[in-house]
Amino acid sequence: MSMASKSRDLPRVTFQAPEKPGEESSHKKLGKLTVKYNRKDLQRWLDLEEWIDAQLQELYQYQLQEKADAATPEPEIDIEDLLEVSNEEQKSKLQEILHECSRPTEDFITELLSRLQGLRKIPQRK
């Protein structure tokens, strides 16, 4: 009997990594997320984040060039935080965040507030 046929008769042992306790549940959560918040909602959220980044870069680019030695980083705007407060509070939060910007921010704030209108809060994956 040759070696090859012997090895075929031997029981095959496969190693599978044991599933980590939290792993399976995170897959289930993800499934629920997709059902509850369809791709269109997620896409709108991503589009808005990209739009905010682009606007902030534009608002702050000259300021960063002027003060190259003491550059103030672009502020961070958290969509989630904004969705938790009223329209008036959203506006004052944004004015507070952007108060150091040397360029006019009124148009950006107005546009952002209107874009936030139809946006639904997306739960965080923990």
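Preceding this paragraph is the structure being described.
Below is a short write-up of the structure. (Residues numbered from 1 in each chain as written. Predicted model: local features only at pLDDT ≥ 70, side-chain atom pairs only at ≥ 80, totals over all residues. Heavy atoms only, no water.)

**Some details on the overall build of the protein chain**
Moving on, step 1. Within the protein chain one finds six helices and zero strands.
Moving on, step 2. For the protein chain, the N- to C-terminal ordering of α and β elements is α-α-α-α-α-α.
Moving on, step 3. Going through the 126 residues of the protein chain one by one, you find that 23% of them count as buried.
Moving on, step 4. Across the protein chain, contacts joining residues at least 24 apart in sequence account for 67% of those joining residues at least 6 apart.
Moving on, step 5. Here the protein chain has roughly 10,100 Å² of accessible surface; of this, 51% comes from carbon and sulfur atoms. (Helix = DSSP H or I, 4+ residues; strand = E, 2+ residues; numbered from the N terminus. Buried < 20%, exposed > 50% of the residue type's maximum accessible area, 1.4 Å probe, protein only. Contact = heavy atoms within 4.5 Å. Areas by Shrake-Rupley, 256 points an atom, 1.4 Å probe, with all protein chains shown as cover.)

**Remarks on the environment of isoleucine 79**
Moving on, step 1. Topologically, isoleucine 79 is positioned in helix α4 (residues 79-83).
Moving on, step 2. For the pair isoleucine 79 and glutamine 90, spaced eleven residues apart in sequence, the C-alpha separation works out to 9.8 Å.

**Quick notes on a negative patch on the surface**
Moving on, step 1. Together, Asp47, Glu49, Glu50, Asp53, Glu76, Asp78 and Asp81 line one region of the surface with negative charge.
Moving on, step 2. Its location among the elements puts aspartate 53 in helix α3 (residues 39-66).
Moving on, step 3. Judged by its relative accessible area of 46%, aspartate 53 is partly exposed. (Patch = residues over 30% accessible without salt bridge, like charges linked within 9 Å, V, L, I, M, F, W, Y side chains within 5 Å. Salt bridge = Lys/Arg side-chain N within 4 Å of Asp/Glu carboxyl O. Lys, Arg positive; Asp, Glu negative; His and termini not counted. Charge placed at Lys NZ, Arg CZ, Asp CG, Glu CD.)

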